[in-house]
Amino acid sequence: MPMRLFLLLISALATLLVAGPARAQAEFCDRQIEDWGGPALANGISLHALEWAPFGSAEWGWETYVPLIQQELGTGCAASSPIFARRLADFQTAHQLPSTGVFDPPTFHTFRGLWQERRPFIMARVRDEPCPDPPPLYQLGYLVAEEEHADRLTRLLRRDVLEAYRQMVAAARAEVPEVANDPELLQIFSGFRDPAADAARCAASGNCDGVRRAVCSPHRTGTAVDLYVGQVIGLGVDNTSPPSRLHMSRGATYRWLVKNAGRFGFVPYAFEPWHWEWVSPASGYAGPPPPS
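Residues numbered from 1 in each chain as written. Predicted model: local features only at pLDDT ≥ 70, side-chain atom pairs only at ≥ 80, totals over all residues. Heavy atoms only, no water.

Asker: Quick rundown of the overall build of the protein? Include the residues and the values.
Answerer: Counting secondary structure elements, the protein contains twelve helices and eight strands. Burial status across the protein gives 47% buried among its 292 residues. Considering only contacts within the protein whose residues lie at least 6 apart along the sequence, 60% involve residues at least 24 apart. Put simply, the protein shows about 15100 Å² of open surface, and 59% of that area lies on carbon and sulfur atoms. (Helix = DSSP H or I, 4+ residues; strand = E, 2+ residues; numbered from the N terminus. Buried < 20%, exposed > 50% of the residue type's maximum accessible area, 1.4 Å probe, protein only. Contact = heavy atoms within 4.5 Å. Areas by Shrake-Rupley, 256 points an atom, 1.4 Å probe, with all protein chains shown as cover.)

Asker: Explain helix α2 (residues 37-49) to me, using residue names and the numbers behind them.
Answerer: Given a rise of 1.5 Å per residue, 13 residues ought to cover 18 Å, and the 18 Å separating the end C-alpha atoms of α2 matches this to within 8%. When α2 is considered as a whole, its buried residues turn out to be Pro39, Ala40, Asn43, Ser46 and Leu47. Summarising the axial view, the buried residues of α2 lie within an arc of 135°, below the 170-degree limit, and thus occupy one face. Turned more than 90 degrees off the buried face of α2, the exposed positions are Leu41 and Ile45. Packing partners of the buried residues in α2 comprise α3 (66-73) and α4 (82-94). (Expected span 1.5 Å × (residues − 1). Arc of directions from axis to C-beta.)

Asker: Pulling in residues and values, what's your account of the nonpolar core?
Answerer: Looking at soluble globular proteins, one finds that nonpolar side chains tend to be buried together. Counting residues in hydrophobic clusters, the biggest one holds 54 residues, and the most contacted among them are Trp62, Ile69, Met168, Leu227, Leu257, Phe266 and Trp276. No other element matches the eight residues that helix α7 (residues 159-175) contributes to this core. Setting aside residues no more than four positions away along its own chain, Phe266 makes contact with Val161, Ala164, Tyr165, Met168, Val225, Ala261, Trp276, Glu277 and Trp278. Residues Ile33, Cys77, Ile83 and Ala85 belong to the second largest nonpolar core, which totals seven residues. (Core = buried A, V, L, I, M, F, W, Y, C linked by side-chain atoms within 4.5 Å.)

Asker: Describe the environment of Ala196, naming the residues involved and giving the relevant values.
Answerer: Here Ala196 shows up in helix α9 (residues 195-205). Residues Ala196 and Arg220, 24 residues apart in the sequence, show an inter-C-alpha distance of 9.6 Å.

Asker: I'd like to hear about the pairing of strand β7 (residues 266-269), residue by residue, with values.
Answerer: By the bridge criterion, four bridges tie β7 to strand β8 (residues 272-278) in an arrangement that is antiparallel. Bridging across to β8, Phe266 finds its partner in Trp278. The hairpin turn running from β7 into β8, its antiparallel successor, is two residues long. (Pairing = 2+ DSSP bridges.)

Asker: Lay out the confidence of the model for the protein in plain terms, naming residues and giving numbers.
Answerer: A residue-level look at the protein finds 85% of positions with pLDDT of 70 or above and a mean pLDDT of 87. Long-range and interchain partners of residues 4-19, a stretch whose pLDDT sits below 50, account for three contacts in this model, where long-range means more than four residues apart. (pLDDT = per-residue confidence, 0-100.)

Asker: How would you sum up the sheet that holds β8? Please name residues and give values.
Answerer: With antiparallel pairing, the four strands of this open sheet are ordered in space as β5-β6-β8-β7. Two strands in the sheet have a free side with no partner beyond their single neighbour: β5 (188-190) and β7. Pairwise comparison of adjacent strand axes, ignoring direction, gives a mean angle of 40° for this sheet. Two strands pair when backbone bridges link them, and β5 and strand β6 (residues 224-227) are joined in this way by two bridges, in the antiparallel orientation. (Axes fitted to C-alpha atoms, helices over the stretch in contact; angles between N-to-C directions.)

Asker: Break down the packing of helix α11 (residues 242-250) against helix α12 (residues 252-260) for me, citing the residues and quoting the values.
Answerer: Close contact between α11 and α12 brings their axes to 5 Å; oriented N to C, the two are set at 70°. The pairing of α11 with α12 is recorded here as roughly perpendicular in orientation. Of the residues in α12, those in contact with Met248, Ser249 and Arg250 of α11 are Ala252, Tyr254 and Arg255. Of the residues assigned to the contact of α11 with α12, the class counts are three nonpolar, one polar and two charged. (Parallel < 35°, antiparallel > 145°, perpendicular 65-115°, else oblique. Nonpolar A, V, L, I, M, F, W, Y, C, P; charged D, E, K, R; others polar.)

Asker: Before we move on, could you go through the pattern of salt bridges and cite the residues and values that matter?
Answerer: Applying the stated rule across the entire model yields ten salt bridges. Arg127 is the partner of Glu129 in a salt bridge, and the nearest nitrogen-oxygen pair spans 2.7 Å. (Salt bridge = Lys/Arg side-chain N within 4 Å of Asp/Glu carboxyl O.)

Structure representation (structure tokens):
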């Protein structure tokens, strides 16, 4: 290899290392792809202007769901970029949808179905299986004070899930400055909930869709956790209004969870940025056997 070419290659490598992966990613995402500029423009408009009701109540735009969609598509590129549109078209093709590269409710419905299929508790309900019994006491462990959010003390979680949660939080504090600098982030404000007490609480407060949802909540398994990922001032930690959920989805904490929680066995509920469910290596939520 000629010395001049060798030096040019060394220089290019040094530039890339100095600029960092963020710059390289930005340059890649900004790359124009023939025939995908129109879909990218359409996505950029609907990102904030789409009027729809993906979970029953009116919403405007779909930015709240972008981190989950990016993870599914395997891209960090903005929803308004041609790269995103091309990846979205590939997804649509793979799932027998019109491969327009334009985000629309039918495409989201497919995303939502995939995300729900990864929640064993939900799939058991879809199959009309009986609601599982709460875990026996030997499977439950106590949270320490630093793990409980002051807004709502939760106390208990299944031991194997608690261990996975602790490993995940340790990784987040090591990898995300926002989490490292704020001990409140990723604290649990709801873990295991006794079904009878949960039903009574929901009926009394008019929350949780009355008793219907509380009677068979995933929290009864001890594998579901509600994590503090930030909040809008004046709104609760689990406020479901579109501005509240959008604020949470924009935070570094939630975005890290979307990319990394699966490493520790946790899967998301798309509508609630704070709600995560642990899936055992056997792809279920059954607890460990009794101690011998």
